[in-house]
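Architecture and fold: a report
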Amino acid sequence: MLGIDTNIFPHTAEVNEANHLVIGGCDAVELAQRFGTPLYVFDEITLRRKCREFVQEFVQRYPDSQVVYACKAYINPALARLFNQEGLGLDVVSGGELATAQKATFPMDKIYFHGNNKGRDELEMAVRLGVGRVVIDNLDEIELLNDVAKASGKAQAVLLRVSPGVDPHTHGHTTTGILDSKFGIPIQTGQAEEAVIQVMHASHLDPVGLHFHLGSPIFQMEPYQEAIEVTMAFAAAMRERHGLEIREFSPGGGFAIQYTEDKPPPRVAQYADTIVSALHENCKAPTLPPPKLILEPGRAIVGQAGVALYTVGAIKEIPGVRKYVSVDGGMGDNIRPAIYGAKYEAILANRMGDKNRERVTIAGKFCESGDILVEDVEIPHAGPGDTIAIPASGADCLSLASNYNAAPKPPIVLIKDGGAQLIRRRETFEDLMRCDLI
């Protein structure tokens, strides 16, 4: 078999004698025929390797580390069970993600519950189920969660999410650690100190640490260094002034992956070196004893493991302007290009070896001019019925998917050693109308 670039595709990707893309021992063209398209394929080997890489790179540098998968990248019960097998915790941001973890019988004490506007019902659910940590995102949440914990007769362990005021130099829609953000309690305004005082006086809350999240994806190391320095200086001041003992600390996630050939991300080892070194430099006993380190990778675990498969339909060529190759999916299953300007690569999965290429734009089928999946990509001459594969599609695409234009969401298969397990079936029209009343 021929080789293929596995910096973007799953680790098991290759090309067979028929010039078809193969992932996890499965012919992608046959998968598309068997399950239909659009189809999302997750490679189990890549998923597990990514989990182990994060655990290994951080634990070998900082033994008291815990990797917690950020579910917003995408979660379902099958993946939750896989992450549990690999020793990861879960970062959830809604009652729905928490319910998914519950269905997978995920250990509740390894769950961190985030969110900037958690409802009382969600907090009651979290406390009732016994989640390990609730990450408090604002001053109002302190009183609300304390009331919920008090009513349940439990003391709830919490982290305070602070905003260090550091720009991670990523897309404005995914920047979260600056002062002007809906997320986190600002340090520089004095509100974070106010939160510390309030949470330490709350009768049924146990403040165990601090958290921040800068944004995603982050390609530079300096924002982590700066934010850790700011946050640990704050932690030391809070220990001195108010007796706050930091037993846990999380710098969030935001770790980048490679979407296109021209933009490789830092290695996991580089993130680990930067974060651990900054933590050691700023946490020294007796002033500030080193806390347990919590990491929250999401896209960096699932992004590369996922490949989206589509079938080519209509072709529209505007002489001297552009050639559109339309597929049977689009912004309904991957809205990232439309809202973030996200860039992807694309290949013709059923004719991998063809040398004659042309520049085209891959368009979706949805009723929006902005429904473009990949702009100006070079692929072999494509015609109706061909199979388009878009790599690095495992993160955010499915969790942001919608039923726009009343389109059913695609199925998902988990593949390994030539076997394909359906872990989410394709939605039907009946599914779309299940909640409607006449």
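One can find the structure itself at the top, above this paragraph.
Along each chain, the written sequence defines residue order, and numbers are assigned to residues from 1. pLDDT decides what is reported in this predicted model: residues at 70 or higher carry local features, side-chain atom pairs at 80 or more are listed and counted, and totals for whole chains, interfaces and linings draw on all residues regardless. The basis for every side-chain value is the complete set of heavy atoms in the structure, and neither hydrogens nor water enter the calculation.

Secondary structure assignment for the protein yields twelve helices and 21 strands. What the globule rule says is 2.2 Å times the number of residues to the power 0.38, and the radius of gyration is computed from C-alpha atoms. Relative to the globule expectation of 22 Å for 438 residues, the C-alpha radius of gyration of the protein, 23 Å, shows essentially globular dimensions. Oriented by its inertia axes, the alpha-carbon framework of the protein measures out at about 70 × 55 × 40 Å. Relative accessibility under 20% of the residue-type maximum defines a buried residue, over 50% an exposed one, and the middle range a partly exposed one, all with a 1.4 Å probe and only protein chains included. Out of the 438 residues in the protein, the part that is buried amounts to 55%. Residue contacts are counted whenever heavy atoms from the two residues lie within 4.5 Å of one another. Restricting to contacts in the protein with at least 6 residues of sequence separation, those with at least 24 account for 69%. Calculation of accessible area relied on Shrake-Rupley with a 1.4 Å probe; when residues are assessed, cover is drawn exclusively from the protein chains displayed. Split by element, the accessible area of the protein, about 18600 Å² in all, is 48% carbon and sulfur. For the protein, the separation between the mean place of its 42 positive charges and that of its 56 negative charges on side chains is 3 Å. Numbering of helices and strands runs from the N terminus, with a helix taken as a DSSP run of H or I at least four residues long and a strand as a DSSP run of E at least two residues long. Two residue types count as positive, namely Lys and Arg, and two as negative, namely Asp and Glu; His and chain ends fall outside the count. Charge coordinates come from a single atom per side chain, which is NZ of Lys, CZ of Arg, CG of Asp or CD of Glu.

Before going further, it helps to spend a moment on the sheet that holds strand β1 (residues 14–15). Being paired, for any two strands, means DSSP has found at least two bridges between them. Overall, antiparallel pairing links the three strands, which are arranged β1-β2-β3 in an open sheet. The open sheet terminates on both sides in strands that have one partner only, identified here as β1 and β3 (26–27). Here strand β2 (residues 21–23) runs beside β3; their pairing, made up of two bridges, is antiparallel. When the sheet's bridge partners are listed, Ile23 is paired in β3 with Cys26.

The next point concerns the pairing of strand β9 (residues 156–163). Burial analysis of β9 places eight of its eight residues in the buried class, the great majority of the element. Burial of β9 is two-sided: the residues Gln156, Val158, Leu160 and Val162 facing one way and the residues Ala157, Leu159, Arg161 and Ser163 facing the other way are all buried. Taken together, the three bridges between strand β8 (residues 133–136) and β9 define a ladder with parallel strand orientation. From the neighbouring strand, Val134 faces β9, where its bridge partner is Val158. Seen with the strands pointing away from the viewer, any crossover whose path from the first strand over the helix to the second strand runs clockwise is right-handed. Crossover handedness for the path β8 to helix α6 (residues 139–152) to β9: right-handed. Pairing analysis gives six bridges linking β9 to strand β11 (residues 205–211), with the strands arranged parallel. From the neighbouring strand, Val158 faces β11, where its bridge partner is Pro207. Two elements, β9 and strand β10 (residues 185–186), share two bridges in a ladder whose sense is parallel. Note that in β10 the partner of Val162 across the bridge is Ile185.

With that settled, the discussion passes to the nonpolar core. Nonpolar cores were defined as sets of buried Ala, Val, Leu, Ile, Met, Phe, Trp, Tyr and Cys residues, with membership established by side-chain atoms within 4.5 Å. The biggest cluster of nonpolar side chains holds 110 residues, and the ones touching the most others in it are Phe58, Tyr69, Phe83, Leu90 and Ile388. The element contributing the most residues to this core is helix α8 (residues 222–242), with eight residues. The contact partners of Phe83, leaving out residues within four places of it in the chain, are Cys51, Tyr69, Ile75, Leu88, Leu90, Phe106, Ile301 and Val302. In terms of nonpolar packing, the next biggest core, distinct from the first, is built from 23 residues, Phe9, Ala28, Val413 and Ile415 among them.

Another point: helix α3 (residues 77–85). Those residues of α3 that sit buried are Leu79, Ala80, Leu82 and Phe83. On an axial view of α3, the arc spanned by its buried residues comes to 160 degrees, and they lie on one face. Residues of α3 that are buried sit in contact with α2 (44–59), β5 (65–70), β6 (89–92), α10 (299–302), β20 (412–416) and β21 (419–424). Near the N-terminus of α3, the side chain that reaches the backbone nitrogen of Ala78, with its oxygen 3.1 Å away, is that of Asn76. Gly87, located one to two residues past α3, shows a positive phi value of around 85 degrees. Each C-beta atom gives one direction from the helix axis, and the arc is the one those directions make. Whenever two N or O atoms come within 3.5 Å, that pair is a polar contact, provided that in protein one can donate a hydrogen and the other can accept it, and provided that, for residues adjacent in sequence, both atoms are side-chain atoms.

Here the focus is the environment of Met125. Looking at the secondary structure, you find Met125 in helix α5 (residues 120–129). A relative accessible area of 15% places Met125 in the buried class. Residues Met125 and Asn84, 41 residues apart in the sequence, show an inter-C-alpha distance of 21 Å. The contact partners of Met125, leaving out residues within four places of it in the chain, are Gly95, Leu98, Ala99 and Gln102.

The next point concerns the pattern of salt bridges. Note on definitions: salt bridges are taken to be side-chain nitrogens of Lys or Arg within 4 Å of carboxyl oxygens of Asp or Glu. For the structure shown, the criterion picks out 24 salt bridges. Taking the shortest distance from any N to any O, the salt bridge between Arg61 and Glu57 comes out at 2.6 Å. A relative accessible area of 14% means that Glu57 is categorised as buried.

On to the packing of α2 against α3. As a packed pair, α2 and α3 sit with axes 10 Å apart at the nearest point and diverge in direction by 45 degrees. In terms of axis orientation, α2 runs oblique to α3. Between α2 and α3 lies a crossing of right-handed hand. Contacts from Glu44, Leu47, Arg48 and Cys51 of α2 reach α3 at Leu79, Leu82, Phe83 and Gln85. Here the term charged refers only to Asp, Glu, Lys and Arg, the term nonpolar to Ala, Val, Leu, Ile, Met, Phe, Trp, Tyr, Cys and Pro, and the term polar to all other amino acids, Gly among them. Residues of the contact of α2 with α3, tallied by class, amount to five nonpolar, one polar and two charged. Axes, fitted as lines to C-alpha atoms, cover a helix only where it is in contact. Angles between the N-to-C directions of the axes lie from 0 to 180 degrees. Note that the term roughly parallel is reserved for angles under 35 degrees, roughly antiparallel for angles over 145, roughly perpendicular for angles of 65 to 115, and oblique for everything else. Each crossing gets its handedness from the near helix: less than a right angle anticlockwise from the far helix is left-handed, clockwise is right-handed.

Turning to the pairing of strand β13 (residues 292–295), a few remarks are in order. Within a regular strand, the side chains alternate between the two sheet faces. Bridge count for β5 against β13 is three bridges, and the pairing is parallel. Bridge pairing in β13 links Gln66 to Ile294. Of the strand pairs in this sheet, strand β12 (residues 248–250) and β13 are connected by two bridges, and their pairing is parallel. Residue pairing for β13: Glu248 is matched across the bridge by Lys292. With respect to chirality, the unit in which β12 leads through helix α9 (residues 268–282) into the neighbouring parallel β13 is right-handed.

The next point concerns the state of the cysteines. A pair of sulfur atoms, both from cysteines and within 2.5 Å, is called a disulfide here. Scanning the model with the defined rule gives zero disulfides in all. With no disulfide of its own, Cys26 has Cys51 as its nearest cysteine by sulfur position, at a separation of 20 Å.

Of note, Asn146 is situated in helix α6. Note on Asn146: relative accessible area 11%, which makes it buried. Excluding anything up to four places from it in sequence, Asn146 contacts Ala202, Ser203, His204 and Leu205.

No statement about biological role is implied by the geometric values presented.
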